[in-house]
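Secondary and tertiary structure notes
The primary structure of each chain is shown beneath.
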Amino acid sequence: MVAETAREFEALEAQAQRLMGVFTKAGYEAVAPAIIQPADVFLDVVGESLRARTYVFTDPGGGELCLRPDLTVPTCRLHLERHPDADVKARYCYNGPAFRFQPAGVSAAHPREFRQAGIELFGETRREQAEAEVVGLTLEAVRAAGLERWGLRIGDLGLFQALLDAIDMPDRWRGRLRHQLWRPDAFREELFRLIRDPAAALLDLPADLVATLDPADPASSEAEVGRYLEAHGLELIGARSVSEITQGLLAAAADAAAEPLSPSAAELIETYVNVKAPARAAGARLADLMSEREIDIESALDIYHERLQHLVDAGIDPALIEFSAEFGRNLEYYTGFVFEIVVPELGTGSPVAGGGRYDGLLKAVGAREAVPAVGSAIHTERLLSVVNGGGE
Amino acid sequence: MTDNLILAVPSKGRLMEQTAAALAKAGLALRKTGSERGYRGEIEGLEGVEVAFVSSSEIAHYLKSGQAHLGITGEDLIREHIVDADERVELLAPLGFGHADVVVAVPRCWIDIRSMASLQAMAPAFRRAHERRLRVATKYTNLTRKFFQSKGVSDYRIVESLGATEGTPASGAADLIVDITTTGATLEANGLKVLDDGVILRSEANLVASRRVDWSPAARAARHHILAQLRS
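Reading the values: the criteria
- Residues numbered from 1 in each chain as written.
- Chains lettered and ligands numbered in written order.
- Predicted model: local features only at pLDDT ≥ 70, side-chain atom pairs only at ≥ 80, totals over all residues.
- Heavy atoms only, no water.
- Contact = heavy atoms within 4.5 Å.
- Buried area = accessible area lost by both parts, 1.4 Å probe.
- Salt bridge = Lys/Arg side-chain N within 4 Å of Asp/Glu carboxyl O.
- Polar contact = N/O pair within 3.5 Å; in protein donor to acceptor, adjacent residues only side chain to side chain.
- Helix = DSSP H or I, 4+ residues; strand = E, 2+ residues; numbered from the N terminus.
- Nonpolar A, V, L, I, M, F, W, Y, C, P; charged D, E, K, R; others polar.
- Pairing = 2+ DSSP bridges.
- Axes fitted to C-alpha atoms, helices over the stretch in contact; angles between N-to-C directions.
- Domains from an automatic or database assignment.
- Buried < 20%, exposed > 50% of the residue type's maximum accessible area, 1.4 Å probe, protein only.

1. Overview of the interface of chain A and chain B
Taken together, the contacts link 36 residues of chain A with 33 residues of chain B. Contact between chain A and chain B buries roughly 2,700 Å² in total, counting both sides, with carbon and sulfur atoms accounting for 56%. The largest share of the area that chain A buries against chain B comes from Glu-48, Ile-237 and Arg-240 of chain A, three residues that together contribute 27% of it. At the junction of chain A and chain B, the tally comes to 2 salt bridges. Across the contact surface, chain A and chain B share 7 residue pairs in polar contact (both at pLDDT 80 or more). Residue assignment for the side of chain A that touches chain B shows that the elements contributing at least two residues are helix H2 (39-46), helix H6 (171-180), helix H7 (184-195), helix H9 (218-231) and helix H10 (242-257) of chain A. In terms of residue count, the dominant contributor to the side of chain A that touches chain B is H2 of chain A (5 residues). For the side of chain A that touches chain B, the class distribution of residues is 17 nonpolar, 6 polar and 13 charged.

Written as structure tokens, this is what we have:
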């Protein structure tokens, strides 16, 4: 599906012009970040999972570079070069190639080289409005390109976080569950671990040492750990200090002392993760679910409804919006609202566009503080094939 | 291309010696043809088989691309170098030598870390304290990524290491490693321990067949003969 004839390329270009026309008219500045990017930034921001999907290479000078797997991180870098403090509100749009290794093989819907058109909105503190603006504009663009039948899938990591916050458990457990949300098997395993005997956290740790540690007295605890290491001939190697090792032991001890997660709370989390329904009905179902269990996530639900209202105000038919609780995109940098535009011809595995909120990304790339950021990208070859009636 | 079966075997080191010994014991004596330093050979008294002497990691590439019908090499190298190994090759028989476990090892002084889960639980604190992810030194980048993903560990960076991997935590080049071990003595000498659930693969030398090669009736017959001899 990569354009390999002049005619196909021209068709893609013509479509890109229409998409970019919609974006620039809405006040988004067209930018063209570099195709070859330092690999380091991507690997630091997204993690090793990215390497499996990215063309990483070493140049003759020994530098580790990559062909950009998307244009969001490059646009973040461009923004920071212009505004090192990232204290300026900005709207960018782009159109250009991105590259991904396809471990399951290259196909028309999953090419190794494809062209993305997209937008990024940085620094807008009216969050739900910004999210609706990005979704609305993305939809306007794909419809201007000729897309007629589509559906909008949305997810909301804010709701999940609110649910975890509302259930009584140590904060570390929340972090772990949040971390594993992307991996259904590991997530279920973690939940199961938390409802079993928490004392298992201490299994195989030196019990006599742990018994001497006192969370209220880090200095003496560290001294105990230092003595233990020395007595057992365990040389301190690597970057972790005695203090960090002590904190690790104390965290395990605290886990062991905590009440296990109640089975009903674990069941509520599982039930939540499986909620999938038209957006309005989903909101109502979540409200019912929570009030039955006397769990208060009202302010997160208010935000959910407010955003939904903004989407409807932007002219989107609510019947076309489906909420899915476990939907969070497979890129870990999303931090809140996420969405995908899906079409019946390709199914949910191959959305024609997608995006969301990623407030941590600019900071990860070098900004001093987290910066509100929302963006989206359109898979332009998929879009063109659907508009041309081809599907695949 | 002839109808001959091409068998790729290790060209040097201990794995070559053990391969030659195992084949000889099965009545399949290897013999180099041409000059003594050549990289071609045959099996004494067996028609239709060409032997290619290749470095062990190259053998995986030969099988992956169909340049050889059969190969003898470690399962670790097969799984590392062929991402879709089960599609491209078939492990016919473990050969009982070249044993090595691919393991995740961390400094022994990390007395708070016993499992992959505790490693992941510690990772965010590490990242806050050191403003970087945990670094994992290895030459097994694909195996590492797959295993860490299956265990839900994502806060790490791979540092490619092509030699003396076990020394990298002490030197500060990495925080933990993924490497092969046979007795664990080298790990221990370098102040490292294997995590309780940190065994990625128990590897040994295998007879491996390519699925990406033309199997003529003659090559198929030679394969059955070699396999039968090795099993007897």
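2. Structural notes on the sheet that holds strand S2 (residues 36-38) of chain A
Residues and elements named next belong to chain A. Strand order in this open sheet of 3 strands is S2-S4-S3, and the pairing throughout is antiparallel. Each having just a single partner strand, S2 and strand S3 (56-58) make up the two edges of the open sheet. Going from strand to strand, the sheet's axes swing by 40° on average, the running direction of each strand aside. Pairing of S3 with strand S4 (residues 64-67), which is carried by 3 bridges, proceeds in the antiparallel orientation.

3. Brief notes about the domain arrangement of chain A
You'll often see interface size given as the accessible area lost when the parts meet. Annotation of chain A at the domain level lists domain 1 (1-150 + 343-392), domain 2 (151-170 + 179-185 + 262-333) and domain 3 (198-255). Each of domain 2 of chain A and domain 3 of chain A has a C-alpha centre, and the two are 39 Å apart.

4. As for the pairing of strand S12 (residues 205-210) of chain B
All names here are of chain B. Most of S12 sits inside the fold, with 6 of its 6 residues counted as buried. Judged by which residues are buried, S12 turns out to be covered on both faces: Ala-205, Leu-207 and Ala-209 on one side and Asn-206, Val-208 and Ser-210 on the other are all buried. Across 5 bridges, the pairing between strand S5 (residues 70-74) and S12 is antiparallel. For Ile-72, the partnering residue across the bridge sits in S12 and is Leu-207. Inspection of the sheet shows strand S6 (residues 89-94) paired to S12 by 5 bridges, in the antiparallel sense. If you follow Pro-94 over to S12, its bridge partner there is Asn-206.

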